[in-house]
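Observations on chain architecture
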Amino acid sequence: MEESKRYWNEKYWVRHMRDDDLENIEDSWIDKYSDIIFAYKGKLLDLGCGVGQYSKYFCDNGFDVTSADISERALEYLSEKHEGIETVRIDMTEPLPFADKSFDVVFANLSIHFFSEKDTRSLVAEVKRILKDDGIFVGSCNSSKAYKYIQDKSTVIENGYYREDGGRTVRLFDKEQFYTFFADWNEVTLSEIETVRFNKSKIMWEFIYTNKIGGS
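To keep things clear, this report deals only with the structure shown in the data block. (Residues numbered from 1 in each chain as written. Predicted model: local features only at pLDDT ≥ 70, side-chain atom pairs only at ≥ 80, totals over all residues. Heavy atoms only, no water.)

1. Some points on the nonpolar core
Generally speaking, soluble globular proteins have nonpolar side chains that are buried together. Among the nonpolar cores identified, the biggest contains 30 residues, and L47, V106, V127, F137, F178, F182 and F207 are the most heavily contacted of them. Counting residues per element, the ones that place at least two in this core are β1 (43–47), β4 (103–109), α6 (117–130), β5 (131–142), α8 (175–181), β9 (185–197) and β10 (200–211). When residues of this core are assigned to their parent elements, the largest contribution, four residues, is made by α6. Residues in contact with F137, not counting those within four places in the same chain, are V106, A108, I112, V127, L131, F182, W185, F207, I208 and Y209. Counting residues in hydrophobic clusters, the runner-up holds 21 residues, among them Y33, L75, L78 and M204. (Core = buried A, V, L, I, M, F, W, Y, C linked by side-chain atoms within 4.5 Å. Buried < 20%, exposed > 50% of the residue type's maximum accessible area, 1.4 Å probe, protein only. Helix = DSSP H or I, 4+ residues; strand = E, 2+ residues; numbered from the N terminus. Contact = heavy atoms within 4.5 Å.)

This is the structure we're talking about:
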């Protein structure tokens, strides 16, 4: 946890903490799924919330939001900008500190693609555990087509999982990995798109899953 904490506290959010940078996060992809998401009301976990642009979005749309991230600095920023949103510091490689069936929605924008196969499996199982039986898991993650952006500055750890120069690890998802990690879920939507984040082109997957009846 300490290595990840240092990266997100001392490198990533320090680089992007300026308001002009944060205002350039083009994350409007979620709008196209609003009819599905807003059919759910109640408790929502923003998993890997960063500085909380989505936490505010969901709070403004009637959800009871809990914002969780490994970065103390990002959570402090969120608390200063958006009063009234509960924040929790977590490490996604460990069991999530929430009771079974706690949330109607778990949302994870570009936050579940940093882990080994073992840890990714465990994280997806933890999300399933904390979701209500009729809840949904909504999120996005890096596509394997983005490998061209990191191939000259990364080494392979395992299939689809890389260590970049500077120490950060990243998983690049292809469709087969979704079939593997979400075998015990019902797929609502899964699509691969290209967008812009911090003024850079980004290829990612958008997904929505619900619990499979009778799934483990």
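2. A few points about the side chain of N211
With respect to the helices and strands, N211 occurs in strand β10. A polar atom in the side chain of N211 sits 3.4 Å from the side chain of K128. Beyond its immediate stretch of four places on either side in the chain, N211 contacts K128, L131, K132, D133, G135, W185 and N186. (Polar contact = N/O pair within 3.5 Å; in protein donor to acceptor, adjacent residues only side chain to side chain.)

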